[in-house]
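Coordinate analysis (summary)
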Amino acid sequence: MCVLAAAEGSPSRHRGRSIQAEFHQKILQPKSLYSSTTMKNHFSKTAQCSVMRLPGPSMEKLFQLICLGVERQLKNCQDPGDILLITKNHFNGAKNLLNPNTDAYDNSR
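Think of each chain on its own: its residues are numbered from 1, step by step along the sequence as written. Local features are withheld for residues below a pLDDT of 70 in this predicted model, meaning they are given only at 70 or higher, and side-chain atom pairs are given and counted only at 80 or more; totals for whole chains, interfaces and linings count all residues. The basis for every side-chain value is the complete set of non-hydrogen atoms in the structure, without hydrogens or water.

On to the environment of Thr38, then. To qualify as a helix, a DSSP run of H or I must reach at least 4 residues; to qualify as a strand, a run of E must reach at least 2; elements of each kind are numbered from the N terminus. By the element assignment, Thr38 lies in helix α2 (residues 36–48). Three labels apply to residues, based on accessible area from a 1.4 Å probe with only protein chains included: buried if under 20% of the type maximum, exposed if over 50%, partly exposed otherwise in between. Thr38 sits in the partly exposed class, given a relative accessible area of 37%.

Okay, the packing of helix α3 (residues 56–75) against helix α4 (residues 80–98) next. Interhelical geometry of α3 versus α4 gives an angle of 145° and a closest axis separation of 9 Å. Classified by chirality, the crossing of α4 by α3 is right-handed. Note on element contacts: α4 touches α3 through Ile83, Ile86 and His90, opposite Val70, Gln73 and Leu74. All amino acids are sorted into three groups, where Ala, Val, Leu, Ile, Met, Phe, Trp, Tyr, Cys and Pro are nonpolar, Asp, Glu, Lys and Arg are charged, and the leftover types, Gly among them, are polar. Among the residues making up the contact of α3 with α4, the classes are represented as 4 nonpolar, 2 polar and no charged. Interaxial angles span 0 to 180 degrees and are taken between N-to-C directions of axes, which are lines fitted to C-alpha atoms, for helices over the stretch in contact. Crossing handedness: left-handed means the near helix sits turned counterclockwise from the far one by under a right angle, and right-handed means the same turn made clockwise. Residue contacts are defined here by distance: any two heavy atoms, one from each residue, within 4.5 Å place the two residues in contact.

So, on to the packing of aromatic side chains. Whether two aromatic rings pair depends on their centres lying within 6.5 Å, for rings of Phe, Tyr and Trp, where Trp uses its six-membered ring; planes under 30 degrees apart make the pair stacked, over 60 edge-to-face, and the rest tilted. Scanning the model with the defined rule gives 1 aromatic pair in all. Both rings, one in Phe43 and one in Phe63, keep their centres 6.1 Å apart while their planes meet at 50°; by these two values the pair is tilted. Taken as a pair, Phe43 in helix α2 and Phe63 in helix α3 lie far apart in primary sequence, 20 residues in all. With relative accessibility at 24%, the residue Phe43 sits in the partly exposed group.

What follows covers the pattern of salt bridges. Opposite charge on two side chains permits pairing when their charged atoms draw close. What makes a salt bridge here is a side-chain nitrogen of Lys or Arg within 4 Å of a carboxyl oxygen of Asp or Glu, nothing more. Under the counting rule described, the total for this entry stands at 2 salt bridges. The partner of Glu60 in a salt bridge is Lys40, and the shortest N-O contact between them spans 3.2 Å. Taken together, the positions of Glu60 in helix α3 and Lys40 in helix α2 put the pair 20 residues apart, joining distant regions of the chain. A relative accessible area of 30% places Glu60 in the partly exposed class. The closest approach of N and O atoms between Glu71 and Lys75, which form a salt bridge, is 2.9 Å. Of this pair, Glu71 and Lys75 both sit in helix α3, separated by 4 residues, roughly a single helical turn. When its relative accessible area of 37% is taken as the criterion, Glu71 is described as partly exposed.

Let us now look at the confidence of the model for the protein. Low-pLDDT portions of the prediction should not be read for the details of their coordinates. Confidence of the predictor in every single residue is expressed as pLDDT, which spans 0 to 100. Counting all residues, the mean pLDDT for the protein is 76, and 77% of those residues have values of 70 or more. Ranking the elements of the protein by mean pLDDT puts helix α1 (residues 12–27) last, at 69, and α3 first, at 89. Counting contacts from residues 1–13, a segment whose pLDDT is below 50, to residues more than four positions away or on other chains yields 9 contacts.

What follows is the structure in structure tokens.
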């Protein structure tokens, strides 16, 4: 991990890698899980941002479908690497929602 210990006088290309490595370390640190209520509120706010508004019972069903989908994906994992692939897929999906001009199938980043 010499990139993390780069000297101050190192070329700028190494500084970008250092920041990127620090970000990866920070994002991969164990964190406490969000409660079901917090996640439900988050998905509700996200769904209500669209033009279409969902009534309470429909929002509850949507949240249950999301939970079932994630549960199914995790149960189908054969090894820990599969969990990383699922997580990367979810991050790519979120990135594509935020920036629709990116290629939806670009997994190189």
